Amino acid sequence: MNACLNCKKTEQEIPLLQMRYQQADVFICPQCLPVLIHKPANLAEKLPGLENVQPPQHEH
Ligand SMILES: [Zn+2]
């Protein structure tokens, strides 16, 4: 069963967003999406390579 890469909630518990990363399908829930957006390096443990991704410049 598919589960959020960060919190491990399954698609039975919460809607999951499907993404592609390095030729694989990855899933993340809406609650964890901000982590991927703002602090992608925090997910480097689950998605190797993200430690090099810098968050975009904030405009505010
Ligand atoms: Zn999650």
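Structure: see above.
Residues numbered from 1 in each chain as written. Predicted model: local features only at pLDDT ≥ 70, side-chain atom pairs only at ≥ 80, totals over all residues.

Trainee: Before we go on, may I ask you to explain the overall build of the chain in this structure?
Mentor: Of the regular secondary structure elements, the chain holds one helix and two strands. Moving toward the C terminus, one meets the helices and strands of the chain in the order β-β-α. In terms of its C-alpha atoms, the chain occupies a principal-axis envelope of roughly 35 × 25 × 15 Å. Looking at the chain as a whole, 10% of its 60 residues are labelled buried. The long-range share in the chain, meaning contacts at least 24 apart out of those at least 6 apart in sequence, stands at 25%. (Helix = DSSP H or I, 4+ residues; strand = E, 2+ residues; numbered from the N terminus. Buried ≥ 20, exposed ≤ 12 C-beta atoms within 10 Å, placed from the backbone. Contact = placed C-beta atoms within 7 Å.)

Trainee: Before we go on, may I ask you to explain the pairing of strand S2 (residues 24-28) in this structure?
Mentor: Two faces belong to every sheet, and in a regular strand the side chains alternate between them. When strand S1 (residues 17-21) meets S2, the two strands line up antiparallel, connected through five bridges. Pairing of Gln 18 across the sheet is with Phe 27, part of S2. Hairpin connection from S1 to S2: two residues lie between these consecutive antiparallel strands, with Gln 22 at a positive phi of about 50°. (Pairing = 2+ DSSP bridges.)

Trainee: Which parts of the structure should I look at to understand the nonpolar core?
Mentor: For soluble globular proteins, the rule of thumb is that nonpolar side chains tend to be buried together. Grouped together as the largest cluster of nonpolar side chains are six residues: Cys 4, Leu 16, Ile 28, Cys 29, Cys 32 and Leu 36. Setting aside residues up to four positions removed in sequence, Leu 36 forms contacts with Ile 28 and Leu 43. (Core = buried A, V, L, I, M, F, W, Y, C linked by C-beta atoms within 7 Å.)

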